[in-house]
Amino acid sequence: MGFKEEIKRRRTFGIVSHPDAGKTTLTEKLLLFGGAIRVAGAVKSNKIKKGATSDFMEIERQRGISVATSVMGFEYRDYKVNILDTPGHQDFQEDTFRTLTAVDSVIIVIDAAKGVEPQTEKLMNVCRMRKTPVMVFINKLDRPSRDTFSLLDEIEEQLKLKTRPLSWPINSGADFKGVYNIYKRSLNLFDADVQEIQPAIKFEDVNDPTLENHIGNDAIELREELELVEGVYPEFDREAYLAGELAPVFFGSALYNFGVQELLDAFVEIAPSPKPSFSEEREINPEEEGLTGFVFKIHANIDPNHRSRIAFVKICSGRFERNAVYKHIRTGKNMRISSPTAFMASQKEVIDEAFPGDIIGVPDTGNLIIGDTITSGEDVHFKGLPSFSPEMFRYIENADPMKSKQLAKGVDQLMEEGVAQLFTSQFNGRKIIGTVGQLQFEVIQYRLEHEYGAKCRFETLPMHKACWIECDDQKMLTEFKKRKHQKMAVDKRGRDVFMADSGFILQMAQDEFKDIKFHFTSEF
Ligand code: G4P
């Protein structure tokens, strides 16, 4: 197969949802169709169970599992599908945001009884920022669900996303009969007692009176609703979907493996193949010969006995070849990757080549960090791996004076891995860790002790938000820093960060210093 064909057949995407909507279940069912796993239950959830915030063994165990399940590749029909897993727990949302920079499209799972939930909204904001094409799977139709039209309205309003149903449910809960597949014009019947997937029944025209033979009087309501759908929603417009403006919607029950194959079939047909990526210097087309790729995730110290790390690299252009010499742009050094791995479900295997859209695992001894670019030689830098303004802050202190070196090294490496963000106060020189959730502090403390033999103590720092500031007017910047000198810090790249005590104080500062730009992500 030619290079261009290899790119065209790739579908690299992420599944996101509010915890418990069914992301893990759906992923597993997709893998079953792809033949990547044979039995249900093979994909372990990498979510941290509610209330288990102190169960470090659980976190450790899941870290191990989540390496294997971070990327899952499989062949389906003529397509190569790559699913990138995202952590469900909201304290790890930064990890999710970074993973979303490596996908070409997203499937959002929504619980049919609950509708749009807070985490769904946040994740959608990231997709919107990047204009990522989004497909929606409304799950758990086997349970009593909300009215279909009102669910779609809610998605349009809360996710600020136009929708176009491509399937339609026939009742829900105990009365759930199945879905009419608008995309394929066929009927899929649901039977909770039958394990095997029933073949779809072709129904070009729902006015066909034999529809009653299958779903009885529900046919009348289905016809009415479908007429309304055709009246209310414009024809499905693939271009609008690819531009991230319109979401096709499917319905089903991941638990019963119902509606999943229809979703997958439509997905491979309409979802995008790898798109151009944007470096600071120029737009890079996947079909270019020169290799480019970037590191979006790092897993360190999986095995406590070995300082082993795996860097996850998304290939953006060119054909990746094992043992070829590539340039590591940040250091300017050449590197040869001798055992790159691909991830096929729970197995890792060494590969000889990879194509744009693929994710490879690169064993690393500490040279690569998140955001690094690798190329055949050209000096380009990928952008778009933002850190977000943290919302929880603590001073970090050494609790074992004999181990200060270990602590410094551990903190450094964990920050590179993206576990949290480190700031240094310009006022007192103390180190501050900023996170988006409480759990990250616990993970840091635990990992410092177990992986680096260092002990730390945290001291709460009641702050509202940290934001990056810049200003063309040096005089004004100096004036601002003088006035706020107790609240100024620098990030790991030495850039100025303002730590606002409260939303009110931040607002006051913004009002008073109108020429200063306050940024809430690290990329601006
Ligand atoms: P998540 O990754 O989005 O957090 O959700 P996950 O797939 O783990 O699903 C959350 C719960 O919802 C699980 O139940 C799962 O079995 C259930 N679920 C997922 N899809 C469906 C569906 O289509 N219908 C119904 N009725 N339930 C569904 P649990 O009891 O929390 O976990 P488990 O003990 O069953 O694993």
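Just above sits the structure.
From a predicted model like this one, the values you see are computed outputs, not experimental measurements.

Draft legend 1. Quick peek at the overall build of the protein. When helices and strands are tallied, the protein shows 14 helices and 31 strands. Here the protein, with 524 residues, has 56% of them falling under the buried criterion. A separation of at least 24 residues holds for 71% of the contacts in the protein among residues at least 6 apart in sequence.

Draft legend 2. Quick look at the site of the ligand. The immediate surroundings of the ligand are formed by 17 residues, with Asp20, Lys23, Thr24, Thr25 and Asp142 found nearest. Notes on the ligand: free accessible area 700 Å², of which the protein chains cover 69%. Sort the elements by how many residues they give to the shell around the ligand and helix α2 (residues 23-33) lands first, with three residues. Residue composition of the shell around the ligand, by class: four nonpolar, seven polar and six charged.

Draft legend 3. Quick peek at the packing of aromatic side chains. Tallied over the full model, the rule gives 18 aromatic pairs. With 4.8 Å between their ring centres and 45° between their planes, phenylalanine 176 and phenylalanine 190 make a pair best called tilted. With phenylalanine 176 in the loop between β7 (167-170) and β8 (178-181) and phenylalanine 190 in the loop between β9 (186-189) and β10 (201-202), this pair connects stretches of sequence that are 14 residues apart. Judged by its relative accessible area of 5%, phenylalanine 176 is buried. Each ring, one from phenylalanine 498 and one from phenylalanine 518, has its centre 6.3 Å from the other, and the planes form 65°; the classification is edge-to-face. A residue pair is termed long-range when its members are at least 10 positions apart, and phenylalanine 498 in strand β30 (residues 496-500) and phenylalanine 518 in strand β31 (residues 517-519) qualify at 20 residues.

Draft legend 4. Local environment of the sheet that holds strand β24 (residues 392-398). Spatial strand order, β27-β24-β26-β25-β29-β30-β28-β31: eight strands in an open sheet with antiparallel pairing. For this open sheet the edge positions go to β27 (456-460) and β31, each flanked by a neighbour on one side alone. Neighbouring strand axes in the sheet, compared pairwise and without regard to direction, differ in orientation by 40° on average. Of the strand pairs in this sheet, strand β28 (residues 465-470) and β31 are connected by three bridges, and their pairing is antiparallel. Residue isoleucine 469 lies in a different strand from β31, and its bridge partner there is phenylalanine 518. Sitting on the sheet, helix α11 (residues 404-416) is in contact with β24, β25 (421-425), β26 (431-435) and β27, with an inclination near 150° to β24.

Draft legend 5. Layout of the pairing of β24. As judged from the four bridges shared by β24 and β26, these two strands associate in the antiparallel manner. Its bridge partner lying in β26, phenylalanine 393 is registered against glycine 434. Pairing analysis gives five bridges linking β24 to β27, with the strands arranged antiparallel. Counterpart to asparagine 398 in the pairing with β27 is cysteine 456.

Draft legend 6. Layout of unusual backbone geometry. Here the phi dihedral of arginine 77 falls at roughly 50°; this positive angle occurs in a residue that is not glycine. Relative to the assigned elements, arginine 77 resides in the loop between β2 (71-76) and β3 (79-84). What makes arginine 77 partly exposed here is its relative accessible area of 42%. For lysine 131, which is not glycine, the phi torsion reads 55° and is therefore positive. The topology assignment puts lysine 131 in the loop between α5 (118-130) and β5 (134-139). Given the relative accessible area of 58%, lysine 131 is considered exposed.

Draft legend 7. View of the nonpolar core. Counting 58 residues, the largest nonpolar core has Val134 and Ile138 as the members making the most contacts within it. In terms of domain composition, this core takes at least three residues from each of domain 1 (13-67 + 105-271) and domain 2 (278-375). Among all residues touching isoleucine 138, those that are not within four sequence positions of it are Ile110, Ala112, Leu151, Leu152, Ile155, Val249, Phe250, Phe251 and Gly252. Judged by nonpolar contacts, the second largest core, of 29 residues, contains Ile107, Phe250, Ile270 and Ala271.

Draft legend 8. Examining the sheet that holds β5 more closely. Strand order in this open sheet of seven strands is β2-β3-β1-β4-β5-β11-β6, and the pairing throughout is mixed. Only two strands of the sheet have a single neighbouring strand rather than two, namely β2 and β6 (162-165). The average undirected angle you get between the axes of adjacent strands in this sheet is 30°. Note: β5 against strand β11 (residues 246-251), three bridges, orientation parallel. Across the sheet, valine 136 pairs through a bridge with valine 249, a residue of β11. Strand contacts of helix α6 (residues 148-158): β4 (105-111), β5, β6 and β11, with the helix running at about 150° to β6, the strand carrying the most contacts. Packed on one face of the sheet, helix α10 (residues 260-270) meets β1 (10-17), β2, β3, β4, β5 and β11 and runs near 175° to β5.

Draft legend 9. Spotlight on the pattern of salt bridges. Taken as a whole, this structure holds 34 salt bridges when the rule is applied. Through salt bridges with shared partners, a single ionic network connects Glu6, Arg9, Arg10, Glu75, Lys80 and Asp358.

Draft legend 10. Local environment of α10. Burial within α10 is extensive, with nine of its eleven residues counted as buried. For α10, the full list of buried residues reads Val260, Glu262, Leu263, Leu264, Asp265, Ala266, Phe267, Val268 and Ile270.

Draft legend 11. Up close: a negative patch on the surface. Taken together, Glu470, Asp472, Asp473 and Asp515 make up a surface patch of like negative charges. Locating aspartate 473 in the fold gives a position in the loop between β28 and α13 (474-483). Here aspartate 473 falls in the partly exposed class, since its relative accessible area comes to 34%.

Draft legend 12. Quick peek at helix α8 (residues 218-232). Over its 15 residues, α8 runs 21 Å from end to end, which matches the ideal 21 Å to within 8%, given 1.5 Å per residue. Along α8, the residues classified as buried are Asp218, Ala219, Leu222, Arg223, Glu225, Leu226 and Val229. Summarising the contacts, the buried residues of α8 are in contact with α6, β6, β7, β8 and α7 (211-215).

Draft legend 13. Layout of the packing of α11 against helix α12 (residues 438-452). Interhelical geometry of α11 versus α12 gives an angle of 120° and a closest axis separation of 10 Å. Taken together, the axes of α11 and α12 lie oblique to each other. Seen from above, α11 lies across α12 with right-handed handedness. When α11 is examined against α12, the residues Gln406, Leu407, Gly410, Val411, Gln413, Leu414 and Met415 are found in contact with a partner set consisting of Ile444, Arg447, Leu448 and Tyr452. Here the residues of the contact of α11 with α12 are counted per class, giving seven nonpolar, three polar and one charged.

Rules and cut-offs
- Residues numbered from 1 in each chain as written.
- Predicted model: local features only at pLDDT ≥ 70, side-chain atom pairs only at ≥ 80, totals over all residues.
- Heavy atoms only, no water.
- Helix = DSSP H or I, 4+ residues; strand = E, 2+ residues; numbered from the N terminus.
- Buried < 20%, exposed > 50% of the residue type's maximum accessible area, 1.4 Å probe, protein only.
- Contact = heavy atoms within 4.5 Å.
- Near = heavy atom within 4 Å.
- Areas by Shrake-Rupley, 256 points an atom, 1.4 Å probe, with all protein chains shown as cover.
- Nonpolar A, V, L, I, M, F, W, Y, C, P; charged D, E, K, R; others polar.
- Phe/Tyr/Trp six-rings, centres within 6.5 Å; stacked < 30°, edge-to-face > 60°.
- Pairing = 2+ DSSP bridges.
- Axes fitted to C-alpha atoms, helices over the stretch in contact; angles between N-to-C directions.
- Core = buried A, V, L, I, M, F, W, Y, C linked by side-chain atoms within 4.5 Å.
- Domains from an automatic or database assignment.
- Salt bridge = Lys/Arg side-chain N within 4 Å of Asp/Glu carboxyl O.
- Patch = residues over 30% accessible without salt bridge, like charges linked within 9 Å, V, L, I, M, F, W, Y side chains within 5 Å.
- Lys, Arg positive; Asp, Glu negative; His and termini not counted.
- Charge placed at Lys NZ, Arg CZ, Asp CG, Glu CD.
- Expected span 1.5 Å × (residues − 1).
- Parallel < 35°, antiparallel > 145°, perpendicular 65-115°, else oblique.
- Left-handed = near helix turned anticlockwise from the far one by under 90°.

Purely spatial values, then, with no claim about function.
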